[in-house]
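Take a look at the letters that make up each chain.
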Amino acid sequence: MRIFEIFTEKNRVLLKAMVSTDFKLRYQQSFLGYIWSVLKPLMLFSVMYMVFVRFLKFGADVPHFSVGLLLGITMWNFFAETTAGAMGSVVSHGDLMRKINFSKFVVVISSALSALINFGINFVVVLIFALINGVSLSWSALWIIPLTLELFVVSLGVGFFLGALYVTFRDLSPIWEVVMQAGFYATPIIYPVSLVATNLGPHYGPLLSRLILLNPLAQIVQDARHVLIAPENPIIWDSFSNPLVSMIPVVLCVLIFIGGISYFSSKSKNFAELV
């Protein structure tokens, strides 16, 4: 596959330079600089915590739900940042593409790696917040590594689709913003899955809560909360008796990644002319 071209020395050097430059420029003109990479999710968390946890009492039946809320926001922000950055990455590097011959995959991957660095910084804050709130970390917390890889894979796959589509359809940006808003509330970030099961009654509640977990992002967030914060967080592996059904979100992540690579590869040969 053409994506393996990124492992050549020229593309690796270019990828490293793009990631470094993007991270340095992100807050260059800001008074607080890199501190904003931590403050932004904390400010959003503060608003969500006051409204949904303190006022509306979401997650009262889930231990350390406030920590789970911060973790969910951090993981969702990574997905949002990766996909938004990937969408405009090809267009923003149009001049470079016309001057230098390199793998076009580099521009999308560089934006994803930059977001991953930001995620790593924020995840350290989540761990500190978890320890302050009395969360007991065990060896099962190491499952966060493959879960982060799964999140990176699905984010990058969607990013490949968006990056290629945006070259032709510049109206995609506001459309994607609406999709992300809808996706945020459709994913159990600010509310626990148990709230869906309880409020919709015994007939539809449990069914809908299980269907929600078929969403790859919901599966990733709930699994992360389960292994890192509290086992009381329901996960898809316990929701379906058929293990093949439980594997649907993981399979979807792989299919989205492969599909994104294939679509991006088929369109990349015309990028220099279109941008």
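Here the structure is a predicted model, which is why all the values come from computation and not from measurement.

Caption draft 1: Representation of the packing of helix H3 (residues 65-92) against helix H5 (residues 105-132) within the structure. Direction vectors running N to C along H3 and H5 enclose 170°, while the axes themselves pass 8 Å from each other. If you check the angle between H3 and H5, you find them roughly antiparallel. Along this stretch, H3 crosses H5, giving a crossing that reads as right-handed. Partitioning the contact of H3 with H5 into residue classes produces 17 nonpolar, 8 polar and 1 charged.

Caption draft 2: Structural view of a nonpolar patch on the surface. Taken together, the side chains of Trp237, Met247, Ile248, Val251, Leu252 and Leu255 make up a nonpolar region of the molecular surface, amounting to roughly 480 Å² of accessible area. Ranked by residue count, the leading element in the nonpolar patch is helix H13 (residues 248-268), at 4 residues. Here valine 251 lies in helix H13.

Caption draft 3: Representation of the packing of aromatic side chains within the structure. In total, this model carries 12 aromatic pairs according to the counting rule given. Look at phenylalanine 160 and phenylalanine 264: their rings are 5.3 Å apart centre to centre, the planes differ by 55°, and that puts the pair in the tilted class. Taken together, the residues span a long stretch of sequence, with phenylalanine 160 in helix H6 (residues 144-168) and phenylalanine 264 in helix H13 at a distance of 104 residues. Note on phenylalanine 264: relative accessible area 0%, which makes it buried. Both rings, one in phenylalanine 184 and one in tyrosine 185, keep their centres 5.2 Å apart while their planes meet at 85°; by these two values the pair is edge-to-face.

Caption draft 4: Inspection of the nonpolar core at higher detail. Membership of the largest hydrophobic core comes to 73 residues, with the highest contact counts inside it found for Leu71, Met75, Val90, Val108, Phe160, Ile190 and Phe264. Where this core is concerned, the elements lending two or more residues are helix H1 (9-26), helix H2 (36-55), H3, H5, H6, helix H7 (172-186), helix H10 (216-228) and H13.

Caption draft 5: Summary view of H13. The end-to-end C-alpha distance of H13 is 29 Å, a good match for the 30 Å that 21 residues give at a rise of 1.5 Å each. Buried within H13 we find Pro249, Cys253, Gly260, Ile261, Phe264, Ser265 and Ser268. Projected down its long axis, H13 carries its buried residues within an arc of 150°, all on one side.

Caption draft 6: The arrangement of unusual backbone geometry in detail. Its identity is not glycine, yet histidine 64 carries a phi of approximately 55°, on the positive side. Structurally, the position occupied by histidine 64 is in the loop between H2 and H3. Residue histidine 64 is classed as partly exposed on the basis of its relative accessible area, which comes to 28%.

Caption draft 7: Looking closely at the layout of surface pockets. Each pocket or cavity is described by its volume, and for the second largest pocket that value is around 240 Å³. Of all the secondary-structure elements, those providing two or more residues to the lining of the second largest pocket are H1, H3 and H5. Partitioned by chemical class, the residues of the lining of the second largest pocket number 5 nonpolar, 9 polar and 3 charged.

Caption draft 8: Spatial organisation of H3. Helix length check: H3, at 28 residues, gives a terminal C-alpha distance of 39 Å against a target of 40 Å (1.5 Å per residue), a fit within 8%. Along H3, the largest kink reaches about 25° and is centred on alanine 86.

Caption draft 9: Geometry of the environment of lysine 10. Relative to the assigned elements, lysine 10 resides in helix H1. It is 7.7 Å that separates the C-alpha atoms of lysine 10 and phenylalanine 102, two residues lying 92 residues apart in sequence. In this structure, lysine 10 is in contact with Asn101 and Phe102, ignoring residues within four places of it in sequence.

Caption draft 10: Structural context of the packing of H3 against H7. The geometry of H3 relative to H7 is characterised by a closest axis approach of 11 Å and an angle of 170° between their N-to-C directions. For the element pair H3 / H7, the angle class is roughly antiparallel. The way H3 lies across H7 gives a crossing that is right-handed. Facing H3, whose interface residues are Trp76, Phe79, Ala80, Thr83 and Met87, H7 presents Leu172, Ser173, Trp176, Met180, Gly183 and Phe184. Each residue belonging to the contact of H3 with H7 can be placed in one class, and the counts come to 8 nonpolar, 3 polar and no charged.

About the thresholds
Residues numbered from 1 in each chain as written. Predicted model: local features only at pLDDT ≥ 70, side-chain atom pairs only at ≥ 80, totals over all residues. Heavy atoms only, no water. Axes fitted to C-alpha atoms, helices over the stretch in contact; angles between N-to-C directions. Helix = DSSP H or I, 4+ residues; strand = E, 2+ residues; numbered from the N terminus. Parallel < 35°, antiparallel > 145°, perpendicular 65-115°, else oblique. Left-handed = near helix turned anticlockwise from the far one by under 90°. Nonpolar A, V, L, I, M, F, W, Y, C, P; charged D, E, K, R; others polar. Patch = residues over 30% accessible without salt bridge, like charges linked within 9 Å, V, L, I, M, F, W, Y side chains within 5 Å. Areas by Shrake-Rupley, 256 points an atom, 1.4 Å probe, with all protein chains shown as cover. Salt bridge = Lys/Arg side-chain N within 4 Å of Asp/Glu carboxyl O. Phe/Tyr/Trp six-rings, centres within 6.5 Å; stacked < 30°, edge-to-face > 60°. Buried < 20%, exposed > 50% of the residue type's maximum accessible area, 1.4 Å probe, protein only. Core = buried A, V, L, I, M, F, W, Y, C linked by side-chain atoms within 4.5 Å. Expected span 1.5 Å × (residues − 1). Arc of directions from axis to C-beta. 1 Å grid on protein atoms, 1.4 Å probe; cavity = no way out; pocket = protein on both sides within 12 Å on 5 of 7 lines; lining within 4 Å. Points joined across faces, edges and corners; volume = space filled by probe spheres on them. Bend = angle between axes of the 7 residues up to and from the residue. Contact = heavy atoms within 4.5 Å.

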